[in-house]
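# Geometric and topological summary
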Amino acid sequence: MTEILAIIPARAGSKGIPKKNIVDLDGKPLIYYSINEAKKSKYITRIVVSTDGEEIARVSKDFGAEVIIRPAELATDTAKTLPVLHHVVNHLKEKENYYPDVVVLLQVTNPLRTFEDIDKIIEKLLNEDYDSTVSVCENPHSPEWLLVEEDSKIKFYFGEIPTNIRRQDLKKTYFIDGLVYVIKTDQLMKNENYVLGGKIGIVILNKLHSFDIDDDEDLELIRAIKYYENYKNRK
């Protein structure tokens, strides 16, 4: 059986929303939604929350996840995700001689993500020749039309003014929405600067599901969406 480890990073500190990872959303702490959907996946065999917070650890265990306490240097505002994933994999290998085949990264701040979303990205990796797979959304704005400000002047990002380009003739571009990252563990442990590496495959998912909570306004929008979903389900 392919061992697939889901890792959910959940740092205790948050400047935008206090205790963001366990803030209430529709009667449940935010982290519940990532744990619950991971438990529904038909591929994920183990779920670990990486945290430095006692309350997050307790809540995560209550909802069925394992917890690994991360060191202080991986819990700062500037700490990156890749070293956190490396820490979890190394910890399990050293303590249990456990080394998964695949790692799935799920960020807490995407509570509209579904287990079907997760499984689609995993299947892309398992069934095709990729080292990493990731969810994306189609970019509605072509890079050719991007503007930047330099020396108080506005310039086109690529330096030249686009001419005679119809929107329908532009190449499609995509952005990583942060919803689901899936990486072969051997590839992950080789990566030095970014979670993804090797040959990367993409899957376009529902744009609404990729909605990310960064601040209070985002949280209120998600609460409104959840309220509407509950209303539809009661009809």
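Check the entry above for the structure.
On a predicted model such as this, the values are computed, not experimentally measured, just so you know. (Residues numbered from 1 in each chain as written. Predicted model: local features only at pLDDT ≥ 70, side-chain atom pairs only at ≥ 80, totals over all residues. Heavy atoms only, no water.)

## Some points on the overall build of the protein
- On a plain count of helices and strands, the protein comes out with 6 helices and 11 strands.
- Relative to its length of 235 residues, the protein is compact, with a C-alpha radius of gyration of 19 Å against a globular reference of 18 Å.
- A principal-axis box enclosing the C-alpha atoms of the protein has dimensions of 60 × 45 × 40 Å.
- Considering only residue pairs separated by 6 or more positions, the protein has 73% of its internal contacts joining residues 24 or more positions apart.
- A total accessible area of about 13500 Å² is found for the protein, and carbon and sulfur atoms account for 48% of it.
- Here the protein carries 33 positive and 39 negative side-chain charges, and the mean point of each set is 3 Å from the other. (Helix = DSSP H or I, 4+ residues; strand = E, 2+ residues; numbered from the N terminus. Rg over C-alpha atoms; globule rule 2.2 N^0.38 Å. Contact = heavy atoms within 4.5 Å. Areas by Shrake-Rupley, 256 points an atom, 1.4 Å probe, with all protein chains shown as cover. Lys, Arg positive; Asp, Glu negative; His and termini not counted. Charge placed at Lys NZ, Arg CZ, Asp CG, Glu CD.)

## Looking at the pattern of salt bridges
- Counting across every chain of the model gives 12 salt bridges.
- Glu-96 is paired through a salt bridge with Arg-46; the nearest N and O atoms lie 2.8 Å apart. You can see Glu-96 sitting in helix α3 (residues 81–96) and its partner Arg-46 sitting in strand β4 (residues 46–51), a full 50 residues away along the chain.
- Each member of the salt-bridge network shares a partner with another, and the members are Lys-19, Glu-55, Arg-58 and Asp-62. (Salt bridge = Lys/Arg side-chain N within 4 Å of Asp/Glu carboxyl O.)

## Considering the nonpolar core
- Of all hydrophobic cores here, the largest spans 40 residues; its most connected members are Ile-31, Val-49 and Val-104.
- At the level of secondary structure, the elements contributing two or more residues to this core comprise β1 (4–10), α1 (30–40), β4, α2 (54–62), β6 (102–105), α4 (115–127), β10 (174–184) and α6 (216–234).
- The element contributing the most residues to this core is α1, with 6 residues.
- Residues Leu-5, Val-48, Leu-82 and Val-195 belong to the second largest nonpolar core, which totals 19 residues. (Core = buried A, V, L, I, M, F, W, Y, C linked by side-chain atoms within 4.5 Å. Buried < 20%, exposed > 50% of the residue type's maximum accessible area, 1.4 Å probe, protein only.)

Read these as geometric descriptors, not functional statements.
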